[in-house]
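Given next are the chains, with one letter for each unit.
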Amino acid sequence: MSNDIVILGAGISGAGAAMLAKKNNFNVFVSDSCSIDTKYKKLFIDNKIDFEENKHTSNIILRASEIIKSPGIPDDISIIKKIVNKGISIISEIEFASRFTKAKIAAVTGTNGKTTTCLLLAYILQNAGYDVKIAGNIGTGFSFSLLERDYDYIVLELSSFQLDYIKDFRSKVAVLLNVTSDHLDRYNNIDEYCFAKSRITSNQRSQDFFIYNIDQKCIENISTKAKKIPISLTKELKMGGFLKNNTITLNLNNKTMTIQELALQGKHNSFNSMAAAMAARVFEVKDSIIRQSMIDFQNVEHRLEYVITVHGIEFINDSKATNVNASWFALESMDKRIVWIAGGVDKGNDYTELSDIVNERVKAIVCLGNNNQNIVKSFKSNVDAIVEASTMKEAVSHAYNLANKDEIVLLSPACASFDLFKNYEDRGLQFKQEVRKL
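Residues numbered from 1 in each chain as written. Predicted model: local features only at pLDDT ≥ 70, side-chain atom pairs only at ≥ 80, totals over all residues. Heavy atoms only, no water.

**Q** Would you explain the overall build of the protein in this entry?
**A** Counting secondary structure elements, the protein contains 17 helices and 20 strands. Scaling as 2.2 N^0.38, a compact globule of 438 residues should have a C-alpha radius of gyration of about 22 Å, and the protein matches this with 23 Å. Counting only C-alpha atoms and orienting by the principal axes, one finds that the protein spans roughly 65 × 55 × 35 Å. Burial status across the protein gives 56% buried among its 438 residues. In the protein, the share of contacts with a sequence separation of at least 24, taken over all contacts with a separation of at least 6, comes to 64%. Counting 53 positive and 51 negative side-chain charges, the protein places the centres of these two groups 4 Å from one another. (Helix = DSSP H or I, 4+ residues; strand = E, 2+ residues; numbered from the N terminus. Rg over C-alpha atoms; globule rule 2.2 N^0.38 Å. Buried < 20%, exposed > 50% of the residue type's maximum accessible area, 1.4 Å probe, protein only. Contact = heavy atoms within 4.5 Å. Lys, Arg positive; Asp, Glu negative; His and termini not counted. Charge placed at Lys NZ, Arg CZ, Asp CG, Glu CD.)

Structure below.
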């Protein structure tokens, strides 16, 4: 059996790549070491795409002219080593899909804030009447989004894993929001992780734009052929974007724009808003449309999502905060005393960077997870009370009893969800359900 394209992994990106490859007349074989979701198996069968599950058959895979590797597959497994040793090209689904679009692409990466920034940018472009699709690590996936038609503009949310195997992928606008200590189980150190993120600008040309966080040294020093547009929360910039006195100022091509009213609150969201607005200016959206869009925009579910107020206690769902940095931003954006629900699958978290903000704003912590030792150890001297819960019902009940009127109960776990929940969405939905029962 001869295969032009082998796709490793049959999740949303792998299935999308298989369909796009089939549409473009490749011989396609999909291989997944786990069971394949029923809906994707039906898709493969209906479209006469060969596949296997619960194994990787080397003698089929190693005949490929090119391999598309799904982002969740680590580099150190046996089949990847065999592919590398044989010298077969490995690419990401992002690389493959980019070959089949003529759209102007805005690509956004960073440890935190990607989803919000992408949604806001797409919202602005849509309000301007542009033909735009949002894809990548959000929505339907890049390949799936191209099956029916192409678009004039595509906004892509990209993780470092998706960027690891690009070769020629290029975006008109690349945005790098931040790099903090996450996924160090896949990268040896923060510099290696930052380098992975920097790939977003590696193929850009002089007519392209790189919007970046100048407040972080490892990002500031990234070299690129693109026009560099810095954004900052700490310093005024003659060219670029900055925040001062709760006002965003954007300087581009000797034209200045200011925005004072923002739908999204908190410094981190000011940063995300700055990045989206600057990208929209690069795409020549009128300032009036950008400004109104920034006022009207509604945030993504499970990210600092207001749920309800019960007896004067506000409940906020930030289940999407799966790392320490995301929770720091959430805690920083609250303007009242906090009962903080945290915990889950700890990816080697260093909680010391939360110590000051917890001292300042958190009165009590509810630990939600199977192993809460690190959280208890890290914060037992910072707060009045720490209690443990093994279900969302318990956690919400404890938090409600600990909070008083004019205080906030914040679910912002700083951890992955897989010990007690299917995913962060399931965790957030259970939180909202239990809160509404109070």
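Past the structure itself, the notes keep going.
**Q** Help me understand the packing of aromatic side chains in this model?
**A** Aromatic rings considered in pairs are described by the distance between their centres and by the relative angle of their planes. Scanning the entire structure with this criterion turns up 10 aromatic pairs. With a centroid separation of 5.1 Å and 65° between ring planes, the pair formed by F96 and F100 is classed as edge-to-face. Taking the relative accessible area as the measure of exposure, F96 reaches 0% and is therefore buried. An angle of 70° between the planes, with centres 5.7 Å apart, marks the rings of W340 and F379 as edge-to-face. Pair noted here: W340 is in strand 17 (residues 338–342) and F379 is in helix 15 (residues 373–379), with a separation of 39 residues, a long-range link. Each member of the pair, W340 as well as F379, is classed as buried. The lysine or arginine in question, K228, covers the ring of Y212, its NZ or CZ lying 4.8 Å from the ring centre. (Phe/Tyr/Trp six-rings, centres within 6.5 Å; stacked < 30°, edge-to-face > 60°. Lys NZ or Arg CZ within 6 Å of the ring centre and 35° of its normal.)

**Q** Help me understand the pairing of strand 1 (residues 5–8), please; the structure alone is not making it clear to me.
**A** Regular strands have side chains that alternate between both faces of the sheet. Taking every second residue as pointing to the same face, both faces of strand 1 are buried, with I5 and I7 on one and V6 and L8 on the other. As paired strands, strand 1 and strand 4 (residues 66–69) are joined by four bridges and run parallel to one another. In the sheet register, V6 faces strand 4, and the bridge partner there is I67. Of the strand pairs in this sheet, strand 1 and strand 2 (residues 28–32) are connected by four bridges, and their pairing is parallel. Bridge pairing links L8 to S31 in strand 2. With helix 1 (residues 12–23) bridging strand 1 and its parallel neighbour strand 2, the resulting β-α-β unit is right-handed. (Pairing = 2+ DSSP bridges. Right-handed = clockwise from strand over helix to strand, strands pointing away.)

**Q** Hey, could you run me through the sheet that holds strand 15 (residues 305–310) in this one?
**A** Think of a sheet as strands paired side by side through backbone hydrogen bonds, with each pair either parallel or antiparallel. Strand order in this open sheet of six strands is 15-16-20-17-18-19, and the pairing throughout is mixed. Two strands close off the open sheet at either side, each with one partner strand: strand 15 and strand 19 (385–389). Shown here is a sheet whose adjacent strand axes are inclined to one another by a mean of 20°, direction ignored. Strands strand 15, strand 16 (313–317), strand 17 and strand 20 (408–411) of the sheet are contacted by helix 17 (residues 424–436), whose axis makes an angle of about 20° with strand 15. (Axes fitted to C-alpha atoms, helices over the stretch in contact; angles between N-to-C directions.)

**Q** Would you mind showing me how to read the state of the cysteines here?
**A** As used here, a disulfide is simply a covalent bond connecting the sulfur atoms of two cysteines. What the rule picks out here adds up to zero disulfides. The cysteine C415 is free of any disulfide, with C367 supplying the nearest cysteine sulfur at 9.4 Å. (Disulfide = S-S within 2.5 Å.)

**Q** When you look at helix 2 (residues 38–46) in this model, what are you seeing that I'm missing?
**A** In an α-helix, one full turn covers 3.6 residues, which means residues spaced three or four apart are oriented alike. Measuring from the backbone nitrogen of K39 back to the side-chain oxygen at the start of helix 2 gives 2.9 Å, which picks out D37 as the cap. Where helix 2 terminates, the next one or two residues include K48, which has phi positive at roughly 55°. (Polar contact = N/O pair within 3.5 Å; in protein donor to acceptor, adjacent residues only side chain to side chain.)

**Q** Help me understand the sheet that holds strand 4, please; the structure alone is not making it clear to me.
**A** Across the sheet, which stays open at both edges, the five strands sit in the order 3-2-1-4-5 with parallel pairing between neighbours. A strand with exactly one partner marks an edge of an open sheet, and here the two such strands are strand 3 (50–53) and strand 5 (89–92). Averaged over all pairs of adjacent strands, the angle between their axes in this sheet comes to 20°, without regard to strand direction. Bridge count for strand 2 against strand 3 is four bridges, and the pairing is parallel. Residue pairing in the sheet places V30 in a bridge with F51 of strand 3.

**Q** Is there a simple way to think about the packing of helix 16 (residues 392–402) against helix 17 in this case?
**A** When two helices pack together, their arrangement is given by the angle between the helix axes and the distance between those axes. Two elements in contact, helix 16 and helix 17, have axes separated by 9 Å at closest approach and are oriented at 50°. Between helix 16 and helix 17, the interaxial angle falls into the category oblique. The interaxial crossing formed by helix 16 with helix 17 has right-handed handedness. Contacts between helix 16 and helix 17 involve M392, K393 and V396 from the former and R427, Q430, F431, E434 and V435 from the latter. In the contact of helix 16 with helix 17, the residues fall into four nonpolar, one polar and three charged. (Parallel < 35°, antiparallel > 145°, perpendicular 65-115°, else oblique. Left-handed = near helix turned anticlockwise from the far one by under 90°. Nonpolar A, V, L, I, M, F, W, Y, C, P; charged D, E, K, R; others polar.)

**Q** Help me understand the environment of L410, please; the structure alone is not making it clear to me.
**A** Along the chain, L410 falls in strand 20. Judged by its relative accessible area of 0%, L410 falls in the buried class. The spacing of L410 and F209 is 201 residues in sequence and 37 Å in space, taken between C-alpha atoms. Not counting residues up to four positions away in its chain, the partners in contact with L410 are L304, I316, D318, A330, L331, M334, I338, V339, W340 and I341.

**Q** Before we go on, may I ask you to explain the pattern of salt bridges in this structure?
**A** The final tally for this structure, using the stated rule, is 16 salt bridges. The closest approach of N and O atoms between K437 and E434, which form a salt bridge, is 3.3 Å. Residue class for K437 comes out exposed when judged on its relative accessible area of 62%. Of the residues examined, E434 reaches a relative accessible area of 15% and is grouped as buried. (Salt bridge = Lys/Arg side-chain N within 4 Å of Asp/Glu carboxyl O.)

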